[in-house]
Structures are given as structure tokens and as C-alpha cells.
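# Survey of secondary and tertiary structure
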Amino acid sequence: MVNSIFIGMQWGDEGKGKHIDAAARGHKLVARYQGGANAGHSVNIVPPEVLASGDEKEINDKKYKFALHLIPSGILSPGVMNVIGNNVVAYPPSFLKEVDGLRARGVEVSPQNLAVSDRAHLTLLYHQVLDSIEGGGVGTTNRGIGPTYADKARRTTAIRMCDLFDLKSLEEKVREGTKYANHLISYYDPSGKSAVPFEKVWGELLQARERMLPFIHKDIAGLILENNGSLLFESAQGTMLDVDNGTFPFVTSSNPTRGGAYTGTGVWIDFQEVYGILKAYTTRVGNGPLPTEQVNEAGERLRKRGGEFGTTTGRPRRCAWQDLCVADYAIKVNGINGICLTKLDVLDEELTIPVCIGYNIDGKRVDYFPVTELHKVEPVYIQMRGWMKDISRARKPSDLPREAREYISFIERTLKTPIKEVGVGQRRDQIVYFS
Ligand code: IMP
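Small disclaimer: the values here were computed from a predicted structure and weren't measured.

## Considerations on the overall build of the chain
When helices and strands are tallied, the chain shows 13 helices and 20 strands. Dimensions of the chain, computed from the C-alpha atoms along their principal axes, are close to 65 × 55 × 40 Å. A buried classification covers 58% of the 435 residues belonging to the chain. The contacts of the chain with a sequence gap of at least 6 include a subset with a gap of at least 24, amounting to 77%. Between the averaged position of the 54 positive side-chain charges in the chain and that of its 52 negative side-chain charges there is a distance of 1 Å.

Shown next as C-alpha cells:
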């Protein structure tokens, strides 16, 4: 029994959901510690008998695909407790929509397997409106994430889950929050057309409140510690989107990195397994630097083969080659001791695979991970030989072509960190484990 944490090493969308889901069954409690419904974890679960039938059409049917946004990936594993930590932000209507959507598909979701911290903050309608007005420069998901965290940091108009218990003071808080948000909204749109009426915000919250209450837990730290030794913490987004350690200001407003796991749940625990999730290439959505970006045919190929469109917003993702400078930085920031390399099969048809192993700035190699200069680095690549074979049926390392194993061991050697799992397809069973 171990405590594990899974952290995205790039700009999110590394394919965390599948690997976390596969690991969740071996743990008693899964916790989300930051972010909100801006995340999108895709999990594809095909029953063993359907897999055994070999019927490709049935195996790939969308009824086996789940997209989770706020609820931890452990919800798909019966018997696993799921926790939404204090540094997660939740918009009640989307939380309930996700609960209902899962229940409609036969997944059990109840206070017996899902608990929300009473310290978690609420996103309200006006946060979303504000985000859609001011988030354009960053290219946010428009889920109200930034404005909710801004309210939290400002402290005066923030609303938490615990506030839902006292209806009278809640109304006062929501009234004040709406007033302040409308003040900000009028800064961007003085016409008043974008203003959000209090009645709309309040009506929406009242409708959700009764159903939210049973999920709110008053001792999340106690609940987590009761399961110490069998915990799985999952990050949303990735290291490069961390508000403190990522490519600021083109980041999200929370800490997906390991430090965020402690503050975001309120407990100090030892993680024996610190998994970094690294896609075999790189993507990002939204604006900001992406040194190995390919705005060309290669980028198009990766987008098409990798299905690189946002789970939450449907936006096409920007595609790029593997960047080991980013990966190395993520290892330092998080103390990663094992890597899950995801979506390796997407590279099946690449004759040569460029891998970035360093950056030059003004013709000189840099030996640190740059901040503002990231916009102007020139990546230094080595070319790896591709395998030009379908690897989706590989289940053990020896099933992989020699070139694929070389790609894996090159990354391990360069990063001085073992690769423990390799994803070769979307489904739960398409993982090659390395001992
Ligand atoms: P926000 O989190 O909606 O404020 O968006 C801030 C930045 O993070 C934008 O560039 C988003 O595209 C990006 N982002 C937020 N959540 C995710 C995610 O789950 N995957 C990838 N990018 C994300």
C-alpha cells in the first residue's frame, strides 16, 4: 500500500485521466487538490468481455468514454472514496450536472463515495461572466476560475462551501459578491449590458444548494488521514500552468504542482510514488510560449492522430515536439520519481521524431529554465528514429519495437528518471508497465 500523486509535467492534457483511473483501483481514496471544472480528464473503460470479443467497433463505442471535469477519477472505481479538496473551486450547477451525468450512466455517486471540502470556494455565475470578459488575453476556459481565485485571495467577497449552511448570511454574501462583480464588469463594459442580476445568481445557487449540502464534509483532513497509506492525489492541468511555477501570466490560477497538494487538501503526507505524466509530444491550449510548437504539417498530424481538441472547450490544441527542458524542469519542481509516458502510439507513423534537449538564446546554450526569455528560445533537437508500426496492442515492454524502446530509454537517461508506464491507446487496458 502506497500514497501516490500524479502530476502533469507539461501544459495539461497529458492524458492523466487514464493512468490515474487505472491506478485508482489500488487505492482507497482519490483527491483532487486544485483547479475546477476547467479540467477535463478522459477515461475510456471497456468491459473485459467486450475487449475479449475483439469487436473494434464496439470496443471504440463512445458509451465507454467518460469525461470528468471536477469529480476525481476514482469515481469510476467502485469502493473508492473521492475528495474535492479545499483549493478546488466549484460552480454548483456544473458540479450537479456532472453528478447527474455519471448517475445516468450507472456510476454510483453519493456522499458515500464523494466528499467536498467545506473550505472549497464557490464559483458563481458572475465569475464566469467576468472570466469571459477578461480572460481573453490568457485564453482561459471561461469557467470562472481566475475570478474565483481572485475573490479568494482578496478575501472580502469570497464564498465557500461552508457558507451554504447559513442561508441568511449566504444571501447577504451573494448580494455583496454580485455588486462587486458588477462593478468590475462595468469597468470592461460601461454600457451595463453585461451586468449580472442578483436574482439570477441567487436563484441558480438556491436551486443547487439543497443538493450540494449532503456532499459537504466538515473534516476532510480527518477523512484523508483515515486512509493514509492508500491515497492517490491527482492534479488537474500541469506544471507549466502553475500560477507560481509555470509560464505566467499564461497559466491557471492555482498550483497543480506537488506543493499545491499539501495546501490544497490541508494534510501533510508522505508520497512514496510521485508520478509525472508526460505526453510523448507536447500540446497546449490558450496563449503563451510553446518552444517546440509545430505550426505545420507535423503539428497537424499530431493533432489529428492524437485527437488534440480540448475535453472542456473543444478548442484545437497547439501541437509541439517533446521538450525535455520542460520535463526536466517539472521533475525539479515536483520531485518526480517515476514517469507515465502517454500517447506513445500517436507517434506510430513518424519516420523521425525530433526531441528537444536544450535551448539556445541568442546563439548561446542556457542551463536554466528561462522565464521571460522562453518566448525567444531556439530549441536544440536530436532526431530519433521512428518505429513506423502500430503499437496499440503492446502490453509488455518486449512487445514494443526496438526504436520505441530506444525512444523511452533515451528519455529516461536524459531525465535520470525511470519510465514506469507507457500509454499505447485510449483504453484502460492499453498500458505497458515497466518494472
Ligand atoms: P483557466 O484555468 O480557465 O483560467 O485558463 C488558464 C489557462 O490554462 C488557459 O491557457 C487554459 O487553456 C489553460 N487550462 C486550464 N485548464 C486546462 C486543462 O485542463 N488542460 C489544458 N489547459 C488548461
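## Regarding the site of the ligand
Not every one of the 17 residues close to the ligand is listed here, only the nearest: Asp13, Asn38, Thr141, Thr252 and Arg315. Within the contact set of the ligand, an oxygen atom lies 2.8 Å away from a side-chain nitrogen or oxygen of Asn38. Gly139 is positioned such that a nitrogen or oxygen atom in its backbone is 3.4 Å from an oxygen atom of the ligand. Relative to its free-state accessible area of 470 Å², the ligand is covered by the protein chains to the extent of 97%.

## Comments concerning the side chain of Asn38
Mapped onto the secondary structure, Asn38 falls in the loop between strand 2 (29–32) and strand 3 (41–44). Since its relative accessible area comes to 10%, Asn38 is described here as buried. At 2.9 Å, the side chain of Asn38 and the backbone nitrogen of Gly36 are in polar contact. At 3.1 Å, the side chain of Asn38 and the side chain of Gln237 are in polar contact. Setting aside its immediate chain neighbours within four residues, Asn38 contacts Thr141, Arg143, Ile145, Gln237, Thr252 and Thr312.

## Here we look at the packing of helix 12 (residues 324–334) against helix 13 (residues 402–415)
Here helix 12 crosses helix 13 at 50°, and the two axes come no closer than 10 Å. As summarised for this structure, helix 12 and helix 13 are arranged oblique, according to the angle between their axes. Crossing of helix 12 against helix 13: the hand is right-handed. Contacts from Leu324, Ala327, Asp328 and Ile331 in helix 12 reach Phe410, Ile411, Thr414 and Leu415 in helix 13.

## What to know about the pattern of salt bridges
The full count for this structure, using the stated rule, is 28 salt bridges. With its nearest N and O atoms 3.4 Å apart, the salt bridge here joins Arg402 to Glu406. In this pair, Arg402 and Glu406 both sit in helix 13, four residues apart, roughly one turn of the helix. On the basis of relative accessible area, Arg402 is assigned to the exposed category, the value being 52%. Of the charged contacts, one joins Arg427 and Asp429 as a salt bridge, the two residues approaching to 3.0 Å between their closest N and O atoms. Shared partners join several salt bridges into a network, and the residues in it are Asp13, Lys279, Glu308, Arg317 and Lys343.

## Focus: the sheet that holds strand 7 (residues 114–117)
In spatial order, the strands read 9-7-5-2-10-1-11-15-19-20; together these ten strands make up an open sheet with mixed pairing. Every other strand in the sheet has two partners, leaving strand 9 (216–217) and strand 20 (431–433) as the edge strands with one partner each. By the bridge criterion, four bridges tie strand 2 to strand 10 (residues 231–234) in an arrangement that is parallel. Note on strand 10: the bridge partner recorded for Leu29 is Leu231.

## Here we look at the pairing of strand 19 (residues 419–423)
For strand 19, the tally of buried residues reaches four of five residues, placing the bulk of the element in the interior. In this structure, strand 15 (residues 338–342) lies alongside strand 19, joined through three bridges in parallel fashion. Counterpart to Cys340 in the pairing with strand 19 is Glu421. One ladder, built from three bridges, connects strand 19 with strand 20; its direction is antiparallel. Within strand 20, the residue paired with Glu421 across the bridge is Tyr433.

## Quick notes on helix 13
Helix length check: helix 13, at 14 residues, gives a terminal C-alpha distance of 20 Å against a target of 20 Å (1.5 Å per residue), a fit within 8%. Listed as buried for helix 13 are Glu403, Ala404, Tyr407, Ile408, Phe410, Ile411 and Leu415. Taken down its axis, helix 13 places every buried residue within 155° of arc, on the same side. Residues Arg402 and Arg413 are exposed on helix 13 and point more than 90 degrees away from its buried face. Just past helix 13, the residue Lys416 takes up positive phi, approximately 55°.

## Thoughts on the pairing of strand 15
When you tally the buried positions in strand 15, you get five out of five residues, the bulk of the element. Going residue by residue along strand 15, you find Gly338, Cys340 and Thr342 tucked away on one face and Ile339 and Leu341 tucked away on the opposite face as well. Pairing of strand 11 (residues 273–279) with strand 15 involves five bridges; the strand directions are parallel. Looking across to strand 15, one finds that Gly276 is bridged to Ile339.

Procedures and definitions
Residues numbered from 1 in each chain as written. Predicted model: local features only at pLDDT ≥ 70, side-chain atom pairs only at ≥ 80, totals over all residues. Heavy atoms only, no water. Helix = DSSP H or I, 4+ residues; strand = E, 2+ residues; numbered from the N terminus. Buried < 20%, exposed > 50% of the residue type's maximum accessible area, 1.4 Å probe, protein only. Contact = heavy atoms within 4.5 Å. Lys, Arg positive; Asp, Glu negative; His and termini not counted. Charge placed at Lys NZ, Arg CZ, Asp CG, Glu CD. Near = heavy atom within 4 Å. Polar contact = N/O pair within 3.5 Å; in protein donor to acceptor, adjacent residues only side chain to side chain. Areas by Shrake-Rupley, 256 points an atom, 1.4 Å probe, with all protein chains shown as cover. Axes fitted to C-alpha atoms, helices over the stretch in contact; angles between N-to-C directions. Parallel < 35°, antiparallel > 145°, perpendicular 65-115°, else oblique. Left-handed = near helix turned anticlockwise from the far one by under 90°. Salt bridge = Lys/Arg side-chain N within 4 Å of Asp/Glu carboxyl O. Pairing = 2+ DSSP bridges. Expected span 1.5 Å × (residues − 1). Arc of directions from axis to C-beta.

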